[in-house]
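Read off the chains here:
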Amino acid sequence: MIAPTPGHPALASQAATDPRLAKKQFLRDAAESVRDTGHRAFVRKALGGYYTNRDAQKSRYGDWEQARDAASLAKWSAVNHLDEMLPRFVANFEAQGGVVHWARNADEARTIILALLRDAEARAVIKSKCMTSEEIHLNQALEADGYGVVESDLGEFIQQLRGEPPYHFVFPCMHVRRDEISDLFEQHLGTAPTDSPEELTMIARRHMRRLYVEADVGVTGANFLVAETGQISITENEGNARLTAALPRIHIAISGIEKVVERLDDLAVLLPMLATAGAGQQMTCYNTLYAGPKRAGECDGPEEMHLVLLDNARTAILADPEQRDSLHCIRCGACLNVCPIFKNVGGFTYGTTYQGPIGSVITPHLRGLADWNHLSGASSLCGACTDACPVRIDIHTHLLHNRRNAARTSPGRLEKLGHRFFGLVARRPWLFALGGWLFRRTLPLAKALRPPPLSAWLATRDLPPAPQESFRAAWKRRR
Amino acid sequence: MSASKNAQTNTPTNTKTNALGPGGHDNAAARRDILARISEALRLPAPPPHGGGHAAGADAGGRSALAILPVEAARPFLPDGGDSPDASLAILAANLEKLRAVFFRVPDLSAAADCLFAQARERDWQRVAWHAHPLVESVLAGVPCSTHRVDVPGEAFDKDALEACDAGLTACECLVAQTGSILVSSETCGGRALSILPHAHVVIAMAEQVVPTLADALASIRSEHDGQLPSMLSFITGPSRTGDIERILVLGAHGPKELIVILVG
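The rules behind these values
- Residues numbered from 1 in each chain as written.
- Chains lettered and ligands numbered in written order.
- Predicted model: local features only at pLDDT ≥ 70, side-chain atom pairs only at ≥ 80, totals over all residues.
- Helix = DSSP H or I, 4+ residues; strand = E, 2+ residues; numbered from the N terminus.
- Buried ≥ 20, exposed ≤ 12 C-beta atoms within 10 Å, placed from the backbone.
- Contact = placed C-beta atoms within 7 Å.
- Rg over C-alpha atoms; globule rule 2.2 N^0.38 Å.
- Domains from an automatic or database assignment.
- Axes fitted to C-alpha atoms, helices over the stretch in contact; angles between N-to-C directions.
- Left-handed = near helix turned anticlockwise from the far one by under 90°.
- Nonpolar A, V, L, I, M, F, W, Y, C, P; charged D, E, K, R; others polar.
- Pairing = 2+ DSSP bridges.
- Parallel < 35°, antiparallel > 145°, perpendicular 65-115°, else oblique.
- pLDDT = per-residue confidence, 0-100.

A short note on the overall build of chain B
Moving on, step 1. Broken down by element type, chain B carries 8 helices and 12 strands.
Moving on, step 2. Among the 265 residues that make up chain B, the fraction classed as buried is 51%.
Moving on, step 3. Contacts in chain B between residues at least 24 apart in sequence constitute 64% of all its contacts with a sequence separation of at least 6.

Below is the structure:
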C-alpha cells in the first residue's frame, strides 16, 4: 500500500547499525550539518513560533517554577515507588478487561505484538505516533511479516513515506520543506502539487480516513499510566490517536514501565505542563484516558485492549540513583527545542531514537556507554535543557556524570598520558617556565604549519596571538 | 499479585493466563524478572526531587512525599480557572476563542435549537450524527437535515454511516475554564468515535457544567461515575490541529475541523 522511499541519505547514516561506528558517524554527520546553513536557518525559523507561544503560555501560570516543582515531585514519587506503582497500575488495568504483556527487551515486545496480530488474523494496522515503537523498530518487523502499517500522525506519515525515522521525537518532520512534502505526496498518492500547508494536511486527512475505518488493529503509545485508576493517558493534537483507539477491533498500546504516575489528579499538573513545554500550548488538543476495551452499555470501541509494558534497560537507569530522575522524562521535547547543539547538528546526527539532550543522557544507558558516550561530549553545558525541563531533570549534570562514568570505566589512553605529562611539567616550575617560553616562541609557526592534532582545532577556529611575556613575569613586574 | 491474577481471569483471553502468552512468550516469567529488577534497583535511594519547594517533607525513602498532593499544592501555580462562576465563564469564552472554537451562549434550549439550525444551514450539513441524551434530544428538532443515531440498543455500531456524517452532536461531562477543554466520556457522550470522526463536533451543555480547573473536572467525573470510570475520557481542547508542516498551524488534521460549543443558561 505504501512503499517507503528507499535509500534516503539520512537513513543510510542512521542505519550504521554497528555501534562501534556510532561516534564516527556522529562526527561526520555533525560536520556536514553544521556547514548546511540553509538547514540550520530553516530549523531555527520553525522553532521561532514555538518560543513565542511557549512564553505566552508560561505567563498564564501562577508560578511556572513552582509548578515545575510539583510536576517533578509527582514523577519522582512514582518512579521511586515503581515497585508498588507498577503492580497497582497493572491490577487496576486488568480488572477493567485490559491485557498486560511484559517485555524485557525490544525483541520480546516485537514477538508479542506480531503474535497478537497473527492470533487476530489482522491485515491492516493503523498506528498513531509512538516513540516506544520506534525504539523497538516495530514498523520494520511488521512490514517484514507482510502487514500493511500506516503511520497516521501527519509528521510520522511524511517520515514513513520518506523512509526516514523521526527527526525530532515531538516534531518528526520539522526539517522538511513544504515543497518536498508536496512532491512526496504527488509521487506516492498521486495528488496535485501545492505549496499550502493546509491543502497538504487535507490530502493526508482524506487519504487516512478510510484506513481508520478499515484497519483491524490500532497501535498507540502512552504518555502516562495512572496507577490508582488503571488508565493510560494519550496526548495528541491531530485526533489520530483517538481514531486509532476507537475504530479498529483491537487496540494495542506500547509503553515504557517508567510512565506511571500515582494519581489521576497528577495529570491536572502534568497535562498542561506537557503541552506548554512541548508545543507552547495551553493544553494539547486531545488528552485521552483509556481503561480497557468497550464496556457493556458503550456503543463502540475495540473488543480487546492490550498493553505491552517495556523494560528495555529502563531498570538499568532506575538502578543508578544519580541519574534515576532521567526516568521522569515526559518526552515533551523542550530540551531539544532550546539546545544549541540540536539546532546546529540536527536530529539525524544523533543516530538515536531519542534525540537532543535527554537522548544523550539516556541512550548510553539503553545502548551502552562505551559506544554512545560521545553524545555526552556534544554539549556546551550551557544548561538550557535543564532550565527548560518541566519535570526538572538535571540534564546537563547527567551529561557530566556520563563523561565521568565513561572515563572511569574505559579511560582514553592518550588522555591519561596527557594528564600524566601535564602533572610532570606542572610539578617542576623551571620545566613549566621553559614550556611556556617555547610555546610563546613557536605558536606563530604552529599556526602557519598546522600540524596534527592542532590542525583539527585550527580547521574551524583561530587561536589568540601569543603574549609577549609569561603571566608569572607580568605578575612580578607589577609588584 | 493475587488480585491481578484474579483480574486476569476476567479478561477475554483468559485461556492463556497460565500457559505461555502470544508467540510463546512467558509473560509470568517476564513480569517476575522486571519486578525483581525494579525492587533490586530501588534498594539504593535516590536524592530528593530537585527544586525542593514542596518536597521538603520527602525523606530519602520518600514515603512521606506521598502524603503531599502535588495537585493541591500546585493549584495556585497553574493557570487560573476563575474564582466565581462568572469569572470561570469569561475565562472559558476567552480560551475557546483563542483555540478557534465557535462558542455560543444561549438563554434556553429552544434558543439552542435555533442556534443549531442556523449553524447547520450555514454549513449545509446533509446528515448529523447524535446519541441518546436528554440535552441532545431536546435540541435535535433544530437539525434541518437527516440524522443518524449511533447508539441504538441492540444494533451494531455502523462506522461507515458515521463516517458519512457531516457533524456529530454530543453532550459533555463538563467544561474546563482553565484550559478551554471539554471533557467527554464514552459512557455519556455517545461512545468513542462520535466526537472525533465527523468533520464538525457540536457540543451542547448547560452553564452549570463549567468547572474552573482540570482538577475540578477530574473530581467531578469521579463523583459522577462512582466506582468505575468509563473506558474512555477525553479532554478536547479546540478543533483538531497540526503544526507538522513547517510548524504552521492547520486546523482539522484528522479530527473535527470545527468545534462548536452551545452553552445554555
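Having seen the structure, we can now continue with the description.
Looking at the overall build of chain A
Moving on, step 1. Helices and strands together make up the secondary structure of chain A, namely 25 helices and 10 strands.
Moving on, step 2. The C-alpha radius of gyration of chain A comes to 26 Å, within 12% of the 23 Å expected for a compact globule of 479 residues.
Moving on, step 3. Looking at chain A as a whole, 53% of its 479 residues qualify as buried.
Moving on, step 4. Sequence separation of 24 or more characterises 74% of the internal contacts of chain A that already satisfy a separation of 6 or more.

Here's the deal with the domain arrangement of chain A
Moving on, step 1. By the assigned domains, chain A splits into domain 1 (9-18 + 64-315) and domain 2 (427-478).
Moving on, step 2. Here the C-alpha centre of domain 2 of chain A lies 56 Å away from the C-alpha centre of domain 1 of chain A.

Here we look at the packing of helix H17 (residues 356-367) of chain A against helix H21 (residues 395-409) of chain A
Residues and elements named next belong to chain A.
Moving on, step 1. Two elements in contact, H17 and H21, have axes whose closest approach is 9 Å; the angle formed by their N-to-C orientations is 35°. Two packed elements cross with a definite hand, and for H17 against H21 that hand is left-handed. Residues Pro357, Ile358, Ser360, Val361 and Pro364 of H17 pack against Ile395, His398, Leu399 and Asn402 of H21.
Moving on, step 2. Counted by class, the contact of H17 with H21 contains 6 nonpolar, 3 polar and no charged residues.

Here we look at the interface of chain A and chain B
Note on interface size: it is often stated as the accessible area lost on association of the parts.
Moving on, step 1. At the interface, 103 residues of chain A touch 93 residues of chain B.
Moving on, step 2. Of the strand pairs in this sheet, strand E9 (residues 286-290) of chain A and strand E9 (residues 232-236) of chain B are connected by 5 bridges, and their pairing is antiparallel. Paired with threonine 288 of chain A across the two strands is serine 234 of chain B, which belongs to E9 of chain B.

Topic: the packing of helix H13 (residues 267-279) of chain A against helix H8 (residues 214-224) of chain B
Moving on, step 1. In contact at an axis separation of 8 Å, H13 of chain A and H8 of chain B are set at 135° when each is read in the N-to-C sense. Accordingly, the angle class assigned to the pair H13 of chain A and H8 of chain B is oblique. Like other packed secondary-structure pairs, H13 of chain A and H8 of chain B cross with a definite hand, here right-handed. On H8 of chain B, the residues touching Ala268, Leu271 and Pro272 of chain A of H13 of chain A are Leu214, Ala215 and Leu218 of chain B.
Moving on, step 2. The residue inventory of the contact of H13 of chain A with H8 of chain B, partitioned by class, reads 6 nonpolar, no polar and no charged.

What to know about the confidence of the model for chain B
If pLDDT is low for a region, its predicted coordinates should not be looked at in detail.
All names here are of chain B.
Moving on, step 1. When pLDDT is averaged along chain B, the result is 87, and 85% of the positions lie at 70 or above.
Moving on, step 2. Under a pLDDT of 50 for its full length, residues 1-18 has, in the predicted model, 22 contacts with residues more than four places off or in other chains.
Moving on, step 3. With pLDDT under 50 throughout, residues 52-67 is counted as low confidence; its partners more than four residues away or in other chains account for 28 contacts.
Moving on, step 4. Interface predicted TM-score (ipTM) for the complex: 0.90; the corresponding pTM is 0.90.

A word on the sheet that holds strand E2 (residues 127-130) of chain B
Residues and elements named next belong to chain B.
Moving on, step 1. The strand order across the open sheet formed by 6 strands is E1-E12-E7-E4-E2-E3, and the pairing between neighbours is parallel. With one partner strand each, in any of the chains shown, strand E1 (102-106) and strand E3 (146-149) form the two edges of the open sheet. Adjacent strand axes in the sheet meet at a mean angle of 20° when their direction is disregarded.
Moving on, step 2. The sheet contact formed by E1 and strand E12 (residues 258-264) spans 5 bridges and is parallel. Residue pairing across strands places arginine 105 opposite leucine 263, the latter belonging to E12.

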